[in-house]
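# Inside the fold
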Amino acid sequence: MIIAIDFVFLPDYYFTQSYTQLMNALGRHILVEFYNCSPELMNDVVHIENSMVAAAETAGATVINSTFHHFSPYGVSGVVVIQESHLAIHTWPEFGYAAVDLFTCGDSVDPWVSYNYLKDAFEASHGSAMECRRGQLDLLKRNDFNLESLRDVSPQPQEKLGTITRDVWFTERDENIALSLKHTGNQLYKKDSPYQRVEVYETLAYGNLLTLDGMVMCTQKDEYVYHEMITHVPMFSNPKAKRALVIGGGDGGTVRELLRYEQLEEVTLVEIDELVIEACKLHLPETAVAFDNPRLNLLVEDGIKYIKECADERYDLIIVDSADPVGPGEGLFTAEFYQEVYRCLTKDGIMITQSESPRFNSAVFVEIYDTYKQIFGAEKVHCYLAAIPTYPTGTWSFSYSSKGEAHPLTFDVNGAAAFSKAQGLKYYNEDIHMAAFALPNFVKELLNAKPGQVTNEYSAEPTA
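What counts as what
- Residues numbered from 1 in each chain as written.
- Predicted model: local features only at pLDDT ≥ 70, side-chain atom pairs only at ≥ 80, totals over all residues.
- Heavy atoms only, no water.
- Helix = DSSP H or I, 4+ residues; strand = E, 2+ residues; numbered from the N terminus.
- Buried < 20%, exposed > 50% of the residue type's maximum accessible area, 1.4 Å probe, protein only.
- Polar contact = N/O pair within 3.5 Å; in protein donor to acceptor, adjacent residues only side chain to side chain.
- Contact = heavy atoms within 4.5 Å.
- 1 Å grid on protein atoms, 1.4 Å probe; cavity = no way out; pocket = protein on both sides within 12 Å on 5 of 7 lines; lining within 4 Å.
- Points joined across faces, edges and corners; volume = space filled by probe spheres on them.
- Nonpolar A, V, L, I, M, F, W, Y, C, P; charged D, E, K, R; others polar.
- Pairing = 2+ DSSP bridges.
- Phe/Tyr/Trp six-rings, centres within 6.5 Å; stacked < 30°, edge-to-face > 60°.
- Salt bridge = Lys/Arg side-chain N within 4 Å of Asp/Glu carboxyl O.
- Patch = residues over 30% accessible without salt bridge, like charges linked within 9 Å, V, L, I, M, F, W, Y side chains within 5 Å.
- Areas by Shrake-Rupley, 256 points an atom, 1.4 Å probe, with all protein chains shown as cover.
- Axes fitted to C-alpha atoms, helices over the stretch in contact; angles between N-to-C directions.
- Core = buried A, V, L, I, M, F, W, Y, C linked by side-chain atoms within 4.5 Å.
- Parallel < 35°, antiparallel > 145°, perpendicular 65-115°, else oblique.
- Left-handed = near helix turned anticlockwise from the far one by under 90°.

The subject of this paragraph is the side chain of Ser114. Structurally, Ser114 is set in helix H4 (residues 111-121). Taking relative accessible area as the criterion, Ser114 reaches 4% and is therefore assigned buried. Among the polar contacts listed, one links the side chain of Ser114 to the backbone oxygen of Ala55, at a separation of 2.8 Å. Ignoring any residue separated from it by four or fewer positions in sequence, one finds Ser114 in contact with Ala55, Ala56, Ala59, Leu87 and Leu102.

Here it is, written out as structure tokens:
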């Protein structure tokens, strides 16, 4: 057996055209390491995909397609397939590091041009590279064969010259599960507020997607499930409600649904982050349609502070439309906060919250309901479910906590049917209202559990 290895180690300031001429091989393969790159850029899938495509084209390559994934909370992997072979990358933003693979066949494309382009694009302080010859001609013997005889299917028509197939993915990944959505590669919105990063992607399956700190908040094609279920269930079981408060909900979907009710004299929305409102006005206009409604009192401020300063028995309905219990939403998941909410409700008032997925994060689910029961009383707290495909596990829960005698299954069935039809609702109707409270056995068991008792039997994520 003969093994032949020919490596050339080159620093980032050196390469020569004469090496290409002497290579005498089918291809050139450069293994690259970029150091001290911008962490921000190393976590930006759109910038990386655009840079890799541009690096290939600058070197004279013909780009066929690109496939890129962004991982949550950080890291990007991707490959650009070129007619002359490929460019591949994986990044570690936390280290400012990128591992890049540049492989070109023939002598028409110089991979070092791509190397220099990417070094600048990633703002790397320096790089190192190892170049090796692939398919050394003196070790190869050319075979003559009939190409047609190797085909078992009809040849596909050649793609139009210059057409690039882009395959760019956003991925929200947790320890054991992930959701990936393919998008166009053109990011519609990206800004950092004092609280979080607000981004909007144009996905192919679900329309525009709003994310906060890399977590899915809502999409154009399934947001109606969440917003209809968080509003119409309490409204039809509390028909005398006149004043409603929404904490969070800067996308506008919850107040859009509430403002369908003429009986509501006042709807107040308290959103801490004005960039969420801005992003949704620009790119999720169907969700943000009610911000100019004269019955809406829109406040850009801290919802926790607002509740603390709120008068006793001020609202008939309080909806806590929060993100997950991290970042600016963390304070909305405390017993102290819910005690203040209880104080602000009228004697027949109702509190509604999103209460996570019982399968995805069972420990948090149990803790939430245990807290509600201590404040409102066990018999006054109810759980109901909805199917939201872009949320972890696809099954999401809402809590219904009543201060008075209101009960979620005591409602105007005929009125709900007529309202759903007249308003053109996409998810909520009288049957869904009742069925949402029919819970699987494992959810019933979780609702009767105490914090610390949850095991991995129930949860998709580790409980300890």
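Here the narrative resumes.
Turning our attention to the layout of surface pockets. Take a probe with the size of a water molecule and roll it over the atoms, and the empty space left behind shows itself. There is about 220 Å³ of room inside the second largest pocket. Broken down by element, the lining of the second largest pocket gets its largest block of residues, three residues, from strand S11 (residues 197-203). Tallied by class, residues from the lining of the second largest pocket come to five nonpolar, four polar and five charged.

A separate point is the pairing of strand S17 (residues 315-321). Along S17, seven of the seven residues are buried, which leaves the element largely enclosed by surrounding structure. Pairing of strand S14 (residues 243-248) with S17, which is carried by five bridges, proceeds in the parallel orientation. Bridge assignment links Val246 to a residue of S17, and that residue is Ile319.

Turning to unusual backbone geometry, a few remarks are in order. Even without being glycine, Asn36 reaches a positive phi, approximately 55°. Among the structural elements, Asn36 can be located in the loop between strand S2 (25-35) and helix H2 (39-42). The backbone of Ser85 shows a phi angle near 140°, a positive value even though the residue is not glycine. Here Ser85 is to be found in strand S5 (residues 85-92). By relative accessible area, Ser85 is classed as buried at 18%.

So, on to the pairing of strand S6 (residues 97-105). The buried fraction of S6 is high, at seven of nine residues. Where S2 and S6 come together, eight bridges link them in antiparallel fashion. Paired with His29 across the two strands is Phe103, which belongs to S6. Direction of pairing for S5 relative to S6: antiparallel, over a ladder of eight bridges.

Under the definition given, this model contains 20 aromatic pairs. An angle of 50° between the planes, with centres 5.5 Å apart, marks the rings of Tyr35 and Tyr97 as tilted. Residue Tyr35 is located in strand S2, and its partner Tyr97 is located in strand S6; the two are separated by 62 residues in the primary sequence. Take Tyr35: its relative accessible area is 28%, and that puts it in the partly exposed class. Look at Tyr97 and you get buried, because its relative accessible area is 16%. Between Tyr342 and Phe376 the ring centres are 5.1 Å apart and the planes differ by 75°, which places this aromatic pair in the edge-to-face class.

It is worth spelling out the pattern of salt bridges at this point. In total, this model carries 18 salt bridges according to the counting rule given. Glu278 is the partner of Lys191 in a salt bridge, and the nearest nitrogen-oxygen pair spans 2.9 Å. Separated by 87 residues along the polypeptide, Lys191 in strand S10 (residues 189-192) and Glu278 in helix H7 (residues 274-283) bring together distant segments of the chain. For Lys191, a relative accessible area of 38% gives the class partly exposed.

What follows is about a nonpolar patch on the surface. Nonpolar side chains collect at one region of the surface, where Leu26, Leu137, Leu139 and Leu140 lie side by side and expose about 360 Å² of accessible area between them. Examined against the element boundaries, Leu137 turns out to sit in the loop between strand S7 (126-136) and strand S8 (165-173). Note on Leu137: relative accessible area 39%, which makes it partly exposed.

Looking now at the sheet that holds strand S19 (residues 381-387). Across a sheet, strands are paired by hydrogen bonds formed along the backbone, either parallel or antiparallel in direction. The seven strands are arranged S16-S15-S14-S17-S18-S20-S19 in an open sheet whose pairing can be described as mixed. Every other strand in the sheet has two partners, leaving strand S16 (296-300) and S19 as the edge strands with one partner each. Adjacent strand axes in the sheet meet at a mean angle of 15° when their direction is disregarded. The strands touched by helix H9 (residues 335-344) are S14, S17 and strand S18 (345-354); relative to S18, the strand with the most contacts, the crossing angle is about 140°.

This part covers the environment of Cys280. Along the polypeptide, Cys280 turns up in helix H7. A sequence separation of 81 residues divides Cys280 from Glu199, and the C-alpha atoms of the two residues are 9.9 Å apart. Setting aside chain neighbours within four positions, we find Cys280 in contact with Leu210, Gly250, Asp251, Pro285 and Ala288.

Residues Phe34, Phe122 and Leu210 are the most contacted members of the largest nonpolar core, which totals 93 residues. Once residues within four sequence positions are removed from consideration, Phe122 is found in contact with Phe34, Cys37, Ser38, Leu41, Met42, His47, Ile48, Ser51, Met52 and Ile89. Phe337, Phe365, Tyr372 and Ile375 belong to the second-largest nonpolar core, a separate cluster that totals 33 residues.

In this section: the packing of H9 against helix H10 (residues 362-376). In contact at an axis separation of 10 Å, H9 and H10 are set at 40° when each is read in the N-to-C sense. Relative to H10, the element H9 lies oblique. Once H9 is placed against H10, the crossing between them reads as right-handed. On the side of H9, the interface is formed by Ala335, Tyr338, Gln339 and Tyr342, while H10 contributes Thr371, Tyr372, Ile375 and Phe376. When its residues are assigned to classes, the contact of H9 with H10 shows six nonpolar, two polar and no charged.

Honestly, it's all geometry; don't read function into it.
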